Number of protein chains: 2
Amino acid sequence: MIVALSGGVGGAKLALGLSRVMPPEQLLVVCNTGDDFEHLGLCISPDLDTVMYTLAGLANPEVGWGRRDETWSFMETLAEIGGETWFRLGDRDVAVHVERTRRLRDGQSLSSVTAYLCAKLGVAPRVLPMSDDPVRTRVRTDAGWLDFQDYFVRLRCEPVTRELAFHGAESAHPQPAFIAALGDPGLQAVVICPSNPFISIEPILAVPGVREALVACSAPVIAVSPIIAGRAIKGPTAKMMTELGMDPSAGVVADRYSDFLDGYVIDHADMAEVVSIDAKVTLAQTLMTTLEDREALARTVLDAAAVLRRRR
Amino acid sequence: MIVALSGGVGGAKLALGLSRVMPPEQLLVVCNTGDDFEHLGLCISPDLDTVMYTLAGLANPEVGWGRRDETWSFMETLAEIGGETWFRLGDRDVAVHVERTRRLRDGQSLSSVTAYLCAKLGVAPRVLPMSDDPVRTRVRTDAGWLDFQDYFVRLRCEPVTRELAFHGAESAHPQPAFIAALGDPGLQAVVICPSNPFISIEPILAVPGVREALVACSAPVIAVSPIIAGRAIKGPTAKMMTELGMDPSAGVVADRYSDFLDGYVIDHADMAEVVSIDAKVTLAQTLMTTLEDREALARTVLDAAAVLRRRR
């Protein structure tokens, strides 16, 4: 079994690659839920959905979020009647949020609703929220604390980030199947996808017990850098690092994981950083443009993990 | 001012006719909310919406409910993920339900949400729910008591109706502007639209104070028969009458309103019933196929009301 920790778009790409180069039912993708929010009365889980749609082959290939073959009548009408339209919800996407919300209000857990939706959409890997308890990422900016989606979507990551907080994390319980997988002697590797460390991976690590389980994990933990040559492939990773007083580099991301990181896959462009990284580094093409790129990077990660396992 | 009491499709047709042959801002359409229900976590008000869409020129002309230029991606996806699809919700329609639900959960009254939506959609007449308190029509059938939409949509009115009940009516308050209008000395007429008496008009009459206000009303109360030659133009009116042990006739509908009815518009086809009806009868073409039919019937109703006013 392989456990992959993922945020949205970048993580979903590698998760898709993994699901295509290994038996998909042996892949467990654990998603960040710090981005989740309630909007228009609907419970929305952006990272879970991006991973689910990507693994189901339903993702919009152009923007990386939402669904392909989407229609926008809901949003058009919402604009007509003066509703909030800054968070774009396609008609097909809304159906998923309505059904999820209905099931959650009915008392089902987020993990059971996710499993249900994944089964219906034909997703072969297991997809789990990091926790069934709500954790909400907040961003302190010069304009004060902002809810994550306010910062991320409404304000397009423009405010300067000063601090991050994961509300609810301290009292949240990690999803039991996630912790069980980390302690499973059959676990082959934990893959930290090339997601933003601050807003995608660290909310997962903030759930009590997760970091400890990664440190104690018998399988190698291997991350893929979300930074290539000082820039993020997508999203505000590099911008946030600079604002938080860090050098936006692959090595600085690795430092965030130093207590449990065994292997690190960085781009050829960052070869010069190898010496400063306290983990077994593998050089690869980490930019995933095509499906073949996703599969190739996934193979590289699994091969690197196999090497690390043999060393133990 | 004219007050019109309306259910869904048939009532909306006459309300549209009225709005086109009189200053529309002087028309107050009071809608049945006994059909309202919560479905998929959304607050749905079918009669209010049919009236609102019809008056806004947005109604689907083919089926009489829902919106024209509608798309169905939401419903398609809901079917894919195993959601409940027996109540058809178009993508544009869903936006209205989501926004209504959000506002109601925010503490706004149904009448204020309705006024807001009508303003946004360009509806000139005032549209009011009969009450801001929930009233829920239930139907006793041979299979027991059914929620209204279960009976009406899911089971397509197939079960035999034995009894009707309007849950919550006894403790509901009529919408204050509705009662104020009935007592307004400037009121010119109350029009009871050709809606199903049992499931569209009687829920309105069941709200404490409404029937009394109609009896006490200084303006003439004039109804349009929903029955033509023993048949309902649309919906289960005639079938229900038979099942409830009544003769499905225009005259029997008038009997339901006998304590306050001053005038009654029936179809030429029902001329033979004139002698048995205890109200001033006007013969007309009551089948409204075209927009001109709606306007002509509206003029007939207003003229008949003017005659009744002169007699007082």
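Residues numbered from 1 in each chain as written. Chains lettered and ligands numbered in written order. Predicted model: local features only at pLDDT ≥ 70, side-chain atom pairs only at ≥ 80, totals over all residues.

Colleague: Could you give me a rundown of the relation of the copies chain A and chain B, with the residues and numbers involved?
Modeller: Between chain A and chain B, the superposition needs a rotation of 180° and an axial shift of 0.0 Å, giving an RMSD of 0.0 Å. Here the two chains are linked by the operation of a two-fold rotation axis. If distances are taken from each C-alpha of chain A to the rotation axis, the shortest is found for A:Asp91, at 3.0 Å. (Least-squares fit on C-alpha atoms with pLDDT ≥ 70 in both.)

Colleague: Tell me about the packing of helix 4 (residues 91-105) of chain A against helix 3 (residues 73-80) of chain B, residues and numbers included.
Modeller: Two elements in contact, helix 4 of chain A and helix 3 of chain B, have axes separated by 7 Å at closest approach and are oriented at 50°. In terms of their interaxial angle, helix 4 of chain A and helix 3 of chain B are classed as oblique. Both helix 4 of chain A and helix 3 of chain B take part in a crossing whose hand is right-handed. Every residue of helix 3 of chain B that contacts helix 4 of chain A at A:Asp91, A:Arg92, A:Val94, A:Ala95, A:Val96 and A:Glu99 is listed here: B:Ser73, B:Phe74, B:Thr77 and B:Leu78. Class assignment for the residues of the contact of helix 4 of chain A with helix 3 of chain B results in 5 nonpolar, 2 polar and 3 charged. (Axes fitted to C-alpha atoms, helices over the stretch in contact; angles between N-to-C directions. Helix = DSSP H or I, 4+ residues; strand = E, 2+ residues; numbered from the N terminus. Parallel < 35°, antiparallel > 145°, perpendicular 65-115°, else oblique. Left-handed = near helix turned anticlockwise from the far one by under 90°. Contact = placed C-beta atoms within 7 Å. Nonpolar A, V, L, I, M, F, W, Y, C, P; charged D, E, K, R; others polar.)

Colleague: Provide a residue-level description of the interface of chain A and chain B, including the pertinent values.
Modeller: Listed per partner, the contact involves 24 residues of chain A and 24 residues of chain B. Contributions of two or more residues to the side of chain A that touches chain B are made by helix 3 (73-80), helix 4 and helix 5 (110-121) of chain A. Of the residues assigned to the side of chain A that touches chain B, the class counts are 10 nonpolar, 7 polar and 7 charged.

Colleague: Mind laying out the sheet that holds strand 14 (residues 280-284) of chain A, listing which residues take part and the relevant values?
Modeller: Residues and elements named next belong to chain A. Taking strand neighbours across the sheet as the criterion, the 7 strands line up as 5-2-1-9-10-13-14 in an open arrangement whose pairing is parallel. Across the chains shown, the open sheet's two edge strands, defined by having one partner strand only, are strand 5 (126-129) and strand 14. On average, each strand axis in the sheet is tilted by 20° relative to the strand beside it, whichever way the strands run. As paired elements, strand 1 (residues 2-6) and strand 2 (residues 27-31) share 5 bridges and run parallel to each other. In the strand pairing of strand 2, Ile2 is matched with Leu27. Set on the sheet, helix 1 (residues 9-21) makes contact with strand 1, strand 2, strand 9 (189-192) and strand 10 (221-224); between it and strand 1 the angle comes to about 160°. (Pairing = 2+ DSSP bridges.)

Colleague: Can you explain unusual backbone geometry? Please cite residues and give values.
Modeller: All names here are of chain B. Unlike most non-glycine residues, Leu40 shows phi in positive territory, near 55°. As for its placement among the helices and strands, Leu40 is situated in the loop between strand 3 (37-39) and strand 4 (42-44). Positive phi is not limited to glycine here, since Ala229 has a value of about 50°. Among the structural elements, Ala229 can be located in the loop between strand 11 (227-228) and strand 12 (231-232). What makes Ala229 exposed here is the crowd of 12 C-beta atoms within 10 Å. (Buried ≥ 20, exposed ≤ 12 C-beta atoms within 10 Å, placed from the backbone.)

Colleague: Explain the confidence of the model for chain A residue by residue, including any values.
Modeller: When pLDDT is averaged along chain A, the result is 96; 100% of the residues meet or exceed 70. We note a pTM of 0.93 for the whole complex and an ipTM of 0.92 for its interfaces. (pLDDT = per-residue confidence, 0-100.)

Colleague: For the environment of B:Met130, give the residues involved together with the corresponding values.
Modeller: Here B:Met130 is to be found in the loop between strand 5 (126-129) and strand 6 (136-141). On a C-alpha basis, the gap between B:Met130 and B:Asn32 in space is 5.9 Å, while along the polypeptide they are 98 residues apart.

Colleague: Describe in detail the sheet that holds strand 7 (residues 144-147) of chain A, supporting the description with residues and values.
Modeller: The strands that make up a sheet pair up through hydrogen bonds in the backbone, lying either parallel or antiparallel. All names here are of chain A. In spatial order, the strands read 7-6-8; together these 3 strands make up an open sheet with antiparallel pairing. Both edges of this open sheet fall to strand 7 and strand 8 (161-167), since each of them pairs with a single strand only. Neighbour-to-neighbour, the strand axes of this sheet turn through a mean angle of 30°, independent of strand direction. As defined by bridge partners, strand 6 (residues 136-141) adjoins strand 7 across 4 bridges and the pair is classed as antiparallel. What sits directly across from Thr141, in strand 7, is Gly144.

Colleague: Can you tell me about the environment of B:Ala15, naming the residues and giving the values?
Modeller: Residue and element names in this part refer to chain B. Summarising the element assignment, Ala15 is placed in helix 1 (residues 9-21). The sequence separation of Ala15 and Trp145 amounts to 130 residues, and the corresponding C-alpha distance is 32 Å. Setting aside anything within four residues of it in sequence, one finds Ala15 in contact with Ala4, Ser6, Val29, Val51, Thr54, Leu55 and Cys193.

Colleague: Explain the pairing of strand 1 (residues 2-6) of chain B to me, and be specific about the residues and the numbers.
Modeller: Residue and element names in this part refer to chain B. Of all 5 residues making up strand 1, 5 are buried, and the element is well covered by its neighbours. Taking every second residue as pointing to the same face, both faces of strand 1 are buried, with Ile2, Ala4 and Ser6 on one and Val3 and Leu5 on the other. Read from strand 1 through helix 1 to strand 2 (residues 27-31), the crossover connection turns out right-handed. Pairing of strand 1 with strand 9 (residues 189-192), which is carried by 4 bridges, proceeds in the parallel orientation. Its bridge partner lying in strand 9, Ile2 is registered against Ala189. (Right-handed = clockwise from strand over helix to strand, strands pointing away.)

Colleague: Break down the packing of helix 4 (residues 91-105) of chain B against helix 5 (residues 110-121) of chain B for me, with residues and values.
Modeller: Residues and elements named next belong to chain B. Following both chains from N to C, one finds helix 4 and helix 5 inclined at 140°, their axes separated by 10 Å at the closest point. One element, helix 4, and the other, helix 5, form an angle in the oblique class. The crossing of helix 4 and helix 5 is right-handed. Taken together, the residues of helix 5 that come into contact with helix 4 (itself represented by Val96, Arg100, Arg103 and Leu104) are Leu110, Val113 and Leu117. In terms of residue class, the contact of helix 4 with helix 5 is built from 5 nonpolar, no polar and 2 charged.

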